[in-house]
Amino acid sequence: MKKIVFATNNAHKLDEIRQILGSRFQVLSLNDIDCHDEIPEDHDTLEENSRQKAEYIFSKYHIDCFADDTGLEVEALNGEPGVHSARYAEGTDHDSEANMRKLLQRLGNNPYRRARFRTVITLIESGVGEDEKKETLFEGIVEGAIAFEKKGSEGFGYDPIFVPEGYTQSFAQLGVDIKNTISHRARAVEKLAAYLMK
């Protein structure tokens, strides 16, 4: 079974990725390779952040790895929170409740609530010959809308307020099994898996 490192210690993301990839790959976390560093992600785009994280792990551990960055982009807010999704509420880091509160306040009663989740994955593999490494990007997008209030208890992040296109329930109401077949991360990971299995 191919071993590959996912540059995260986010248990939710790790579980999600492992469920999506199933038994096809052994997905290792940063803990599994004994990496406890604060990996920088200080760029202005999802692409740059995912590349920065993957580069960091590859250059330090010389092991095939991938990293992701995900953002919720709300049209009425000019794409906010976007790359700042995890730290949207001032002075917080991955505080989902505070982030959702801020987003719902910013939107108010605006009836135009179109939004999309976008995940970008950067895979870095050992190269051949003079090419020391090979880098590939994968993107997954799911369109939808922001609900007027939180609903559902499953999932994480903005799941209770994001209703994917074609559904009437939020990701948090639909549950993990459905989410993992239609989500932005699922779509990016399926592209990654198809590439790795070639």
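Definitions and cut-offs
Residues numbered from 1 in each chain as written. Predicted model: local features only at pLDDT ≥ 70, side-chain atom pairs only at ≥ 80, totals over all residues. Heavy atoms only, no water. Helix = DSSP H or I, 4+ residues; strand = E, 2+ residues; numbered from the N terminus. Expected span 1.5 Å × (residues − 1). Buried < 20%, exposed > 50% of the residue type's maximum accessible area, 1.4 Å probe, protein only. Contact = heavy atoms within 4.5 Å. Phe/Tyr/Trp six-rings, centres within 6.5 Å; stacked < 30°, edge-to-face > 60°. Lys NZ or Arg CZ within 6 Å of the ring centre and 35° of its normal. Pairing = 2+ DSSP bridges.

Turning our eyes to something else, we now look at helix α6 (residues 184-196). Given a rise of 1.5 Å per residue, 13 residues ought to cover 18 Å, and the 19 Å separating the end C-alpha atoms of α6 matches this to within 8%. Buried residues of α6: H184, R185, A186, A188, V189, L192, A193, Y195 and L196, and no others.

Here we come to the environment of K179. Among the secondary structure elements, K179 is positioned in helix α5 (residues 176-182). The contacts of K179, once residues within four sequence positions are left out, are E16, F156, D159, F171 and A186.

Before going further, it helps to spend a moment on the packing of aromatic side chains. Tallying each qualifying case throughout the model produces five aromatic pairs. Ring geometry for F6 versus F66: centroids 4.7 Å apart, planes at 10°, classification stacked. In this pair, F6 sits in strand β1 (residues 2-6) while F66 sits in strand β3 (residues 65-74), placing the two residues 60 residues apart along the sequence. We note that F6, like F66, is buried. Members of the aromatic cluster, connected to one another through ring pairs, are F117, F162 and F171. One residue, K102, lies across the ring of Y88, its end atom 4.3 Å from the ring centre. Across from the ring centre of F171, 5.5 Å away, lies the NZ or CZ of K179, which sits over that ring.

Before going further, it helps to spend a moment on the pairing of strand β5 (residues 114-126). In terms of burial, β5 is largely enclosed, as 10 of its 13 residues are buried. Relative to β5, β3 runs antiparallel, the two sharing 10 bridges. Bridge pairing in β5 links T70 to T119.

We now examine the pairing of β3. Within β3, 10 of the 10 residues are buried, which leaves the element mostly enclosed by the surrounding structure. Side chains C65, A67, D69, G71 and E73 project from β3 onto one buried face, and the interleaved F66, D68, T70, L72 and V74 project onto a second face that is buried too. Where β1 lies against β3, two bridges are found, and the strand directions are parallel. When the sheet's bridge partners are listed, F6 is paired in β3 with F66. As paired elements, β3 and strand β4 (residues 80-82) share three bridges and run antiparallel to each other. Opposite V74, over in β4, you have E80 as the bridge partner. Linking β3 back to β4 in an antiparallel pair, the connection comprises five residues, with N78 at a positive phi of about 55°.

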